[in-house]
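Chain by chain, the residues run as shown.
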Amino acid sequence: MAMKDALTQQESALTIAEVSELTKLSADTLRYYEKAGLIERVGRTTGNQRRYASADLAWLEFLLRLRETGMSIADMKRFARLRAAGDATIPDRIALLRDHAEVLAAHISALQQNALALDDKITHYEQQLNSEKKVDRR
C-alpha cells in the first residue's frame, strides 16, 4: 500500500510501528532521521508517542527516493535544512536537486554501458557454446 493511502484509510496519524512497516525503515532509523534533522520533530500524543501525519509520510517518501538514487546522508541533511529554512531557499534546493540529477544521469548511463557489455559477453559465450555443439554433432 502506498504511504499516501495509509493515512487516507485511517482517521488518526500513524504510529512509529505503522510507519516502519510502510516505509521498511526500522523504528531506530526513523528516530535517527528525526534526531539527525532529516525529518522535523514528529507530532506526539499526550503520552509522548510519535504520530506521523500525511505530510511526514510524504517527506519520508521523498527522502527514500533521494536515498535510493544514491544521495549522501550529508546532502539529504543539507536539503532538509534548506527545506526547513523556508521558501527563500528554493533556488538552493533546486541547485542541489539538479546536481544530484546530473550525478544520477551519469550513473544511469554508466549502468547502461555496463549492461551492454554484459549482454555482449553473454552473446559471445552463447555463440561459443553453439559452436562447440556443432563440432560435437559431427
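Here the structure is a predicted model, which means the values were calculated and not measured.

Here we take up the pattern of salt bridges. Side-chain pairs of opposite charge can arise whenever the charged atoms involved come near each other. Under the counting rule described, the total for this entry stands at three salt bridges. A salt bridge links Arg 31 to Asp 28, with the shortest nitrogen-to-oxygen separation between them at 2.9 Å. Of this pair, Arg 31 and Asp 28 both sit in helix H3 (residues 27-35), three residues apart, which is roughly one turn of the helix. For Arg 31, a relative accessible area of 35% puts it in the partly exposed group. Here Asp 28 falls in the exposed class, since its relative accessible area comes to 57%.

With that settled, consider unusual backbone geometry. Not every positive phi belongs to a glycine, and Lys 24 is a case in point at roughly 65 degrees. The phi torsion at Asn 48 lies on the positive side, around 70 degrees, for a residue other than glycine. Inspection of the secondary structure puts Asn 48 in the loop between strand S1 (43-44) and strand S2 (50-51).

As a further point, take H3. Residues of H3 that are buried include every one of Leu 30, Tyr 33 and Glu 34, and no others. In an axial view of H3, the angular spread of the buried residues amounts to 100 degrees, which keeps them on one side of the axis. Those residues of H3 that are exposed and angled more than 90 degrees off the buried face are Asp 28 and Lys 35. In this structure, the buried residues of H3 make contact with helix H2 (16-23), S1, S2, helix H4 (54-68) and helix H5 (73-84). At the C-terminal side of H3, Gly 37 shows a positive phi close to 90 degrees.

Attention now goes to the environment of Ala 27. On the secondary structure map, Ala 27 appears in helix H3. Expressed as a C-alpha distance, the spacing of Ala 27 and Thr 15, which sit twelve residues apart in the sequence, is 9.9 Å. Ignoring anything within four residues of it in the chain, the contact list for Ala 27 reads Ile 16 and Ser 20.

Scanning the model with the defined rule gives four aromatic pairs in all. In this structure, Arg 83 is placed above the aromatic ring of Trp 59, and the distance from its NZ or CZ to the ring centre is 3.9 Å.

So, on to H2. Looking at H2, one finds that the buried residues are Ile 16, Val 19, Ser 20 and Thr 23. Along H2, the residues classed as buried sweep out an arc of 105 degrees about the axis, all on the same side. In H2, the exposed residues that point more than 90 degrees away from the buried face are Ala 17 and Glu 21. Within two residues after H2, Lys 24 carries a phi angle of roughly 65 degrees, on the positive side.

Criteria and cut-off values
Residues numbered from 1 in each chain as written. Predicted model: local features only at pLDDT ≥ 70, side-chain atom pairs only at ≥ 80, totals over all residues. Heavy atoms only, no water. Salt bridge = Lys/Arg side-chain N within 4 Å of Asp/Glu carboxyl O. Helix = DSSP H or I, 4+ residues; strand = E, 2+ residues; numbered from the N terminus. Buried < 20%, exposed > 50% of the residue type's maximum accessible area, 1.4 Å probe, protein only. Arc of directions from axis to C-beta. Contact = heavy atoms within 4.5 Å. Phe/Tyr/Trp six-rings, centres within 6.5 Å; stacked < 30°, edge-to-face > 60°. Lys NZ or Arg CZ within 6 Å of the ring centre and 35° of its normal.

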